[in-house]
Number of protein chains: 2
Amino acid sequence: MAERRLRLGMLGYGTVGSGAYRMLEDNQASIQAKTGTRIEVARIGVKDAQKPRDLSPEIFTTDLDSIVNDPEIDTIVELIGGTDPAGRLVELALNNGKNVVTANKELMAKHGSRLVHLAKSKRLDLHYEAAVGGGIPLIQPLKHQLAGNDVLKMMGILNGTTNFILTAMQQDGADFAEVLPDAQAKGYAEADPTNDVDGFDTMYKISVLASIAFGRQVAIEEVHREGIRSISKVDMKYADVLGYVIKLLGICEPVGDRVRVRVHPTFLPKTHPLASVNGVYNGLWLHGDFVGDVMFSGRGAGSDPTASAVVGDLIDVARNMAIDGPGSALPYDPDMPTESITTLRSRYYIRIRTLDRPLVLGKIATAMGQRGVSIAAMEMKTIVPHEEGEIVFLTDYATESDFREAVASLTAEVGVSKVHATIRVED
Amino acid sequence: MAERRLRLGMLGYGTVGSGAYRMLEDNQASIQAKTGTRIEVARIGVKDAQKPRDLSPEIFTTDLDSIVNDPEIDTIVELIGGTDPAGRLVELALNNGKNVVTANKELMAKHGSRLVHLAKSKRLDLHYEAAVGGGIPLIQPLKHQLAGNDVLKMMGILNGTTNFILTAMQQDGADFAEVLPDAQAKGYAEADPTNDVDGFDTMYKISVLASIAFGRQVAIEEVHREGIRSISKVDMKYADVLGYVIKLLGICEPVGDRVRVRVHPTFLPKTHPLASVNGVYNGLWLHGDFVGDVMFSGRGAGSDPTASAVVGDLIDVARNMAIDGPGSALPYDPDMPTESITTLRSRYYIRIRTLDRPLVLGKIATAMGQRGVSIAAMEMKTIVPHEEGEIVFLTDYATESDFREAVASLTAEVGVSKVHATIRVED
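Computed from a prediction, not measured in an experiment: that's the story for all the values here.

Draft legend 1. The arrangement of the environment of Glu40(A) in detail. Residues and elements named next belong to chain A. Its place among the elements puts Glu40 in strand β2 (residues 37–45). Given a relative accessible area of 16%, Glu40 falls into the buried group. Considered as a pair, Glu40 and Leu24 are 16 residues apart in the sequence and their alpha carbons are 8.0 Å apart. Ignoring sequence-local partners within four residues, the contact set of Glu40 consists of Arg5, Leu6, Arg7 and Leu8.

Draft legend 2. View of the relation of the copies chain B and chain A. When chain B is fitted to chain A, the residual RMSD is 0.1 Å, and the transformation amounts to a turn of 180 degrees plus an axial shift of 0.0 Å. This pairing of chains is accounted for by a two-fold axis. Every residue of chain B has its C-alpha some distance from the rotation axis, and the shortest such distance is that of Phe296(B), at 2.3 Å. Comparing interface residues between copies, 100% of those in chain B also sit at the interface in chain A, which points to an isologous, same-surface contact.

Draft legend 3. Geometry of the pairing of strand β13 (residues 345–354) of chain A. Residue and element names in this part refer to chain A. In terms of burial, β13 is a largely internal element, 8 of the 10 residues being buried. Direction of pairing for β13 relative to strand β16 (residues 398–399): antiparallel, over a ladder of 2 bridges. Bridged to Ser346 within β16 is Ala398. Across 8 bridges, the pairing between β13 and strand β17 (residues 416–425) is antiparallel. Across the sheet, residue Arg353 finds its bridge partner in β17, namely Lys418.

Draft legend 4. Layout of the pattern of salt bridges. Inspection of the entire model under this criterion finds 51 salt bridges over all chains. Between Asp235(A) and Arg351(A) there is a salt bridge, with the nearest N and O atoms lying 2.7 Å from each other. Here Asp235(A), found in helix α11 (residues 233–242), pairs with Arg351(A), found in strand β13; they are 116 residues apart in sequence, far enough to count as distant. Given a relative accessible area of 7%, Arg351(A) falls into the buried group. Here Lys186(B) and Asp182(B) are joined by a salt bridge, their closest N and O atoms 3.3 Å apart. Each of Lys153(A), Glu253(A), Arg260(A), Arg262(A) and Glu426(A) takes part in one network of salt bridges that share partners.

Draft legend 5. Fine view of the side chain of Ser113(A). All names here are of chain A. Position of Ser113 among the secondary structure elements: in helix α5 (residues 105–121). At a separation of 2.6 Å, a polar atom in the side chain of Ser113 contacts the main-chain carbonyl oxygen of Tyr332. Aside from chain neighbours lying at most four places away, what touches Ser113 is Gln217, Tyr332, Asp333 and Pro334.

Draft legend 6. The sheet that holds strand β6 (residues 126–127) of chain A, seen in detail. All names here are of chain A. Pairing is parallel across the open sheet formed by 6 strands, whose spatial order is β3-β2-β1-β4-β5-β6. Either end of the sheet is taken by a strand with one partner, and the two such strands are β3 (60–61) and β6. Both strand β1 (residues 4–11) and strand β4 (residues 75–78) contribute to a ladder of 4 bridges, which runs parallel. In the sheet register, Gly9 faces β4, and the bridge partner there is Ile76.

Draft legend 7. Layout of the packing of α5(A) against helix α10 (residues 200–214) of chain A. Residues and elements named next belong to chain A. Remark: α5 packs on α10, axes separated minimally by 8 Å, with the N-to-C direction vectors making an angle of 50 degrees. Here α5 is positioned oblique relative to α10, judged by the angle of their axes. Judged by the twist between their axes, the crossing of α5 over α10 is left-handed. Judged by residue contacts, Lys105, Glu106, Met108, Ala109 and Lys110 of α5 engage Asp201, Tyr204, Lys205, Ser207 and Val208 from α10. Counted by class, the contact of α5 with α10 contains 4 nonpolar, 1 polar and 5 charged residues.

Draft legend 8. Up close: the sheet that holds strand β1 (residues 4–11) of chain B. Residue and element names in this part refer to chain B. Taken together, 6 strands build an open sheet; the order of strands is β3-β2-β1-β4-β5-β6 and the sheet is parallel. What marks the edges here is a single partner per strand, and that holds for β3 (60–61) and β6 (126–127). Lying on the sheet, helix α1 (residues 15–26) is in contact with β1 and β2 (37–45); it crosses β2 at an angle near 150 degrees.

Draft legend 9. A look at unusual backbone geometry. All names here are of chain A. Residue Pro85 follows Asp84 across a cis peptide bond; omega there is 10 degrees. Its location among the elements puts Pro85 in the loop between β4 and α4 (86–95). One non-glycine residue with positive phi stands out, namely Arg123, at about 55 degrees. Within the fold, Arg123 resides in the loop between α5 and β6.

About the criteria used
Residues numbered from 1 in each chain as written. Chains lettered and ligands numbered in written order. Predicted model: local features only at pLDDT ≥ 70, side-chain atom pairs only at ≥ 80, totals over all residues. Heavy atoms only, no water. Helix = DSSP H or I, 4+ residues; strand = E, 2+ residues; numbered from the N terminus. Buried < 20%, exposed > 50% of the residue type's maximum accessible area, 1.4 Å probe, protein only. Contact = heavy atoms within 4.5 Å. Least-squares fit on C-alpha atoms with pLDDT ≥ 70 in both. Pairing = 2+ DSSP bridges. Salt bridge = Lys/Arg side-chain N within 4 Å of Asp/Glu carboxyl O. Polar contact = N/O pair within 3.5 Å; in protein donor to acceptor, adjacent residues only side chain to side chain. Axes fitted to C-alpha atoms, helices over the stretch in contact; angles between N-to-C directions. Parallel < 35°, antiparallel > 145°, perpendicular 65-115°, else oblique. Left-handed = near helix turned anticlockwise from the far one by under 90°. Nonpolar A, V, L, I, M, F, W, Y, C, P; charged D, E, K, R; others polar.

Pasting the structure below:
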């Protein structure tokens with residue numbers, strides 16, 4: 001039998017691209033044994049073909065369209081990121097009959113349904129395991145092994161940068177502004193950290209997971225998104241005393257026929273399995289109606305773990321081609337109906353400064369109680385003695401809209417000079 | 001378009017079978033939406049067709065061969081367990097052109113390579129996600145998303161019964177014999193607990209995982225196996241003081257071109273992610289050359305979680321049939337070469353009784369040192385004051401064969417009256 005070959009065109013050769021190239025080289029023998037196919041990188045598209053690299057320059061081109069149009073290439077690995085030109089190139093590749101493996105969370109969050117339907121109609125593979133959770137298998141288990149479940153809740157630490165920053169704040173008792181430069185120096189945060197610290201990256205990822213779990217694409221505009229810039233070391237300390245850690249979570253949950261998707265810092269009990277996912281590690285916890293609780297964790301970013309996911313997808317492509325499989329893209333429809341965050345019922349952490357502590361407690365409790373929010377008084381404590389008049393408490397369950405009204409009512413009239421922080425609590 | 005149907009024959013209707021039936025009913029609409037196929041249970045084979053059950057009696061038959069030979073049935077779900085008649089029926093089903101989904105770890109551990117090759121040659125699906133880790137996706141992620149990695153180590157808590165018992169011993173300070181009846185009363189342990197507590201179940205499961213990870217079947221006869229009957233609450237307590245928990249682990253690791261597979265109680269540092277997998281939960285931790293550390297956990301047994309895995313596999317069968325996919329059995333070859341436990345380099349915990357403590361320490365250290373085993377003296381301590389002359393220590397790294405010789409040398413001559421326990425340590 002002639003040796004089967006899979007000829008790849010790679011778009012992008014940054015950390016993930018070079019990692020994937022190296023993995024295909026280093027583990028070539030075992031990958032070939034598992035697939036019966038020799039996976040070869042034929043062409044690599046880059047911005048600057050002259051930049052010194054560890055490969056012979058002939059493999060590189062700046063003409064990305066020429067790769068996607070090359071009839072000798074049967075599979076495209078898209079590692080450019082962003083939607084333009086990545087989206088156009090992926091679409092062109094599929095229209096040209098090429099399988100696609102991508103690590104592009106933004107593209108899949110914005111155009112996933114359309115692209116997967118296109119792949120399906122062409123009987124091609126479109127895989128994107130690397131788009132969420134780096135090397136941790138998440139997307140395919142959700143599509144396959146867990147697919148019989150109704151997902152009742154899903155919570156993920158999906159961004160390594162923010163988890164690194166929050167973990168450092170927690171362990172070193174430092175503020176966000178102190179930790180960020182260190183994260184940048186270590187290469188864990190970008191010079192412009194907006195995409196990570198303001199929760200965009202987590203938003204793309206939880207949207208992709210929610211779209212798979214619920215079978216219809218969640219519009220990212222309908223995801224409630226808050227980042228971690230406003231988290232202070234004081235809140236970290238209160239969280240610790242109260243038995244919690246603060247994590248940036250992507251959360252999704254069905255509400256009737258709708259789904260609510262949100263990204264925000266969260267008080268998570270120290271006993272929750274996600275609470276011990278620290279540093280640049282990612283984790284996904286989900287509760288399904290039959291499987292119960294399942295948890296996945298591992299390195300959610302970086303060259304080698306992400307390359308692991310890309311190569312895993314390529315192995316599936318190679319196997320499908322070997323058996324003349326007609327592609328395994330699993331489409332989901334557009335327009336998942338969503339539920340607003342305002343109907344959320346949650347407990348809340350709140351930290352305020354009062355004008356005159358002994359007198360105002362009753363006024364605050366009354367003002368909040370009138371808006372349907374009761375204080376879980378047992379939790380009322382203060383641990384920062386020099387911050388005079390600072391009060392921290394946890395509320396009982398209340399709706400988000402009631403809570404917002406209650407917070408708005410905490411003015412000088414009831415003796416509150418400043419609301420420092422409000423953070424949702426998962427129990 | 002006519003509605004597509006997948007007609008199932010189920011062999012066995014115990015806890016997993018009834019769970020799978022219920023899941024297919026309860027989540028029928030969403031499963032049909034995801035697969036475009038209506039999955040129907042056509043026949044169920046049982047031992048006693050007259051036993052009162054929650055389904056109409058016509059669906060049951062005691063003639064299991066008639067199900068496997070029924071031309072109207074396209075997929076068999078095997079939930080009998082054991083190798084006979086399950087093995088014969090699975091083989092017959094495949095030879096009759098039927099896809100097979102099984103939860104049978106013993107069958108796959110003993111005959112996996114042969115059966116998967118048979119399925120592959122017939123272009124049929126043979127899935128067995130439920131055989132290991134209940135509802136936790138493990139087998140398919142290892143075959144697919146992680147398949148590009150060389151697995152450098154894999155450790156799993158794969159048996160809920162023993163993990164429940166060990167967790168109870170640890171939390172209640174109780175001995176094995178005290179906890180076992182409670183586990184039996186709660187339905188977590190069988191009347192004859194041999195299969196679980198002596199490590200057979202874990203042996204089957206880690207063998208299946210190792211066979212997939214290394215691409216060739218590991219003969220179970222070559223797996224080193226120890227159970228948990230000899231673990232005492234005293235050892236639990238020492239483990240705690242020394243910073244460890246005791247878990248029954250299935251472990252596999254490559255040694256050159258061979259693989260060493262072992263099942264035994266293990267001192268695991270409290271900081272290891274598997275250390276907090278408690279009760280009936282299972283967990284698998286693995287280290288791959290590119291992905292780094294990945295961890296999976298969840299409910300590893302029971303009606304509903306195992307049903308989740310069975311139905312996940314059926315969803316894949318339905319999708320493959322819908323796209324005229326020619327089957328996705330991923331074969332592995334027989335005869336993986338194995339490495340003996342005697343060449344293992346490990347640290348060890350050892351608890352002994354001495355005849356006269358102050359005098360014998362030097363003799364013991366000398367006797368062990370002469371066999372190449374040094375005592376990590378810093379760890380020498382005793383916490384059970386009434387057990388006079390009891391000494392506990394951890395060794396430095398030594399080979400298993402040296403350690404065994406060293407233990408054999410601990411006789412009355414060097415002042416040792418009894419070796420209570422030796423347990424391997426993972427660091």
